[in-house]
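# Examining the three-dimensional arrangement
Below are the chains, spelled out letter by letter.
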Amino acid sequence: MKTFSARPADVQREWFVVDATDQVLGRLAAQVAARLRGDFIVVTNVDKIKVTGNKAEDKLYHRHSGYPGGISTTSFAKMQARFPGRVLEKAVKGMLPKGPLGYAMLKKLKCYAGPTHPHSAQQPKVLQL
């Protein structure tokens, strides 16, 4: 038996749109990450994503400038207010493989703060999560 190796012409990628209103961040990210292996996912209303417990104030995001003492820390609430889509992108990125395959998968995720998106030409199907 030969090993099947899919060619780009053989793969049928579909577009799905997900409404993130009142969805829990980690649960939504896990389901989106699983779907990104083959399909494009458009997530709308990412500014209305929720977290459970006190994570809105307690969950911290760190980044470093590369200089000594250059660490910057931001809470979930501040990150959500300033960059609404980045919270979901970071959560999904942590669940994807590291390397070229994971980077290509992350490019198929599109996050938008409002209910509209510019991908209506692809005729995305509504995905209930």
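Residues numbered from 1 in each chain as written. Predicted model: local features only at pLDDT ≥ 70, side-chain atom pairs only at ≥ 80, totals over all residues. Heavy atoms only, no water.

### Focus on the pairing of strand β2 (residues 40-44)
The buried count for β2 comes to five of five residues, which makes it a mostly enclosed element. Taking every second residue as pointing to the same face, both faces of β2 are buried, with F40, V42 and T44 on one and I41 and V43 on the other. Two strands pair when backbone bridges link them, and strand β1 (residues 15-19) and β2 are joined in this way by five bridges, in the parallel orientation. The residue bridging D19 from the neighbouring strand is T44, located in β2. Crossover β1 to β2 through helix α1 (residues 25-35) is right-handed. The sheet contact formed by β2 and strand β5 (residues 109-111) spans three bridges and is parallel. Note that in β5 the partner of I41 across the bridge is L109. (Buried < 20%, exposed > 50% of the residue type's maximum accessible area, 1.4 Å probe, protein only. Helix = DSSP H or I, 4+ residues; strand = E, 2+ residues; numbered from the N terminus. Pairing = 2+ DSSP bridges. Right-handed = clockwise from strand over helix to strand, strands pointing away.)

### Quick look at α1
Within α1 the residues assigned to the buried category are L25, L28, A29, V32 and A33. Summarising the axial view, the buried residues of α1 lie within an arc of 130°, below the 170-degree limit, and thus occupy one face. The outward face of α1, more than 90 degrees from its buried face, is lined by the exposed residues R27 and A34. (Arc of directions from axis to C-beta.)

### Here we look at the sheet that holds strand β6 (residues 125-126)
Reading across the sheet, the four strands line up as β5-β2-β1-β6 and stay open at both edges, with parallel pairing between neighbours. Because the sheet does not close on itself, it has two edges, and the strands there are β5 and β6. Those strands touched by helix α4 (residues 84-95) are β2 and β5, and its axis lies near 155° from that of β5. (Contact = heavy atoms within 4.5 Å. Axes fitted to C-alpha atoms, helices over the stretch in contact; angles between N-to-C directions.)

### Overview of the packing of α1 against α4
With their axes 9 Å apart at the nearest point, α1 and α4 run at an angle of 55° to one another. One finds that α1 runs oblique with respect to α4. The crossing of α1 and α4 is right-handed. Seen from α1, the contacting residues are L25, G26, L28, A29, A30, V32 and A33; seen from α4, they are V87, L88, A91, V92 and M95. (Parallel < 35°, antiparallel > 145°, perpendicular 65-115°, else oblique. Left-handed = near helix turned anticlockwise from the far one by under 90°.)

### Describing the side chain of T44
For T44, the position within the fold is in strand β2. Leaving out residues up to four positions away in the same chain, T44 has contacts with V17, V18, D19, A20, Y112, G114, P115 and H117.

### Quick look at the pattern of salt bridges
Under the defined criterion, the tally for this structure stands at four salt bridges. A salt bridge links D10 to R7; the shortest N-O distance between them is 3.9 Å. You can call R7 exposed: its relative accessible area is 56%. One salt bridge connects R35 with D39, and the closest N-O pair in it is separated by 3.7 Å. (Salt bridge = Lys/Arg side-chain N within 4 Å of Asp/Glu carboxyl O.)

This is a description of form; function is not addressed.
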